[in-house]
Amino acid sequence: MKKIAIILAVLMLVLLGGCGKKPSVPEKENATSQSTSEESTQAKTEPEETTGATEATPEPVPEIEDLGNRALGTAPTFGEDSEYAGHFIFRADQDIKNFKFFKVDMFFDGDKNILTGSMEKEYGSLKAIRAGEEVLIMGDTGETLPFLAVSYESESGQKYYYAIEISGEDGHPLLTPFTFSVG
């Protein structure tokens, strides 16, 4: 029994780092490799000088999720409720403006792989939504082509259009970019 314990202890020492003896490395190689790694680290970590040009701020990232059994209380609510309507929470990670929720007439061009849509009916709009603020939207989502969409502008003035689709794999809502067409 004592022999097994000693063998296990020796194995543990070997597996967990041995007795602390490190293989010898010639000083010349070690110094060269250290200075090379230090130089490459310094080059990567040194802050770049700014030339007075402003950096582009990232654009907002929208998010949609199924409302589930959550209650939102005072959140703005848009859409039409029905037996088959989906209930969703929309939010963005940055402030956005000119938010619209609408019913969309979609067309899919299979040759170009482009989804194009035009507004059929507006359910509601907000002049601004703050970062993380939630909006409840509801309506029939469609089975083949989406029936619902949102649009908004970023603070930089860029316009975005997203169709609301349901994943065929697990049923969660998706925001799919599309090209907006007037009329």
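To be clear, the structure that these remarks concern was listed above.
Residues numbered from 1 in each chain as written. Predicted model: local features only at pLDDT ≥ 70, side-chain atom pairs only at ≥ 80, totals over all residues. Heavy atoms only, no water.

### Digging into the pairing of strand 8 (residues 159-166)
Moving on, step 1. Of the strand pairs in this sheet, strand 7 (residues 148-154) and strand 8 are connected by six bridges, and their pairing is antiparallel. Residue Leu148 lies in a different strand from strand 8, and its bridge partner there is Ile164.
Moving on, step 2. In the sheet, strand 8 pairs with strand 9 (residues 173-177) via five bridges, with the strands oriented antiparallel. Counterpart to Ala163 in the pairing with strand 9 is Thr176. (Pairing = 2+ DSSP bridges. Helix = DSSP H or I, 4+ residues; strand = E, 2+ residues; numbered from the N terminus.)

### Looking at the sheet that holds strand 7
Moving on, step 1. Pairing is mixed in the open sheet, where six strands are placed in the order 9-8-7-4-5-10. Two strands close off the open sheet at either side, each with one partner strand: strand 9 and strand 10 (179-180).

### A short note on the side chain of Ser167
Moving on, step 1. Among the secondary structure elements, Ser167 is positioned in the loop between strand 8 and strand 9.
Moving on, step 2. Residue classification places Ser167 among the buried residues on the basis of a relative accessible area of 13%.
Moving on, step 3. If we ignore the near neighbours within four places in the chain, the residues touching Ser167 are His172 and Leu174. (Buried < 20%, exposed > 50% of the residue type's maximum accessible area, 1.4 Å probe, protein only. Contact = heavy atoms within 4.5 Å.)

### Looking at the nonpolar core
Moving on, step 1. Ranked by internal contacts, the top residues of the largest apolar core, which has 19 residues, are Phe90, Phe99, Phe101, Ile137, Val150 and Ile164.
Moving on, step 2. Elements with a contribution of two residues or more to this core: strand 3 (86-92), strand 4 (96-109), strand 5 (114-129), strand 6 (135-139), strand 7 and strand 8.
Moving on, step 3. With residues up to four places along the chain from it excluded, the contact list for Val150 reads Phe90, Phe99, Lys100, Phe101, Phe102, Ile137, Tyr160, Tyr161, Tyr162, Ile164 and Leu175.
Moving on, step 4. Counting seven residues, the second largest nonpolar core, distinct from the first, contains Phe102, Ala149, Ala163 and Phe178. (Core = buried A, V, L, I, M, F, W, Y, C linked by side-chain atoms within 4.5 Å.)

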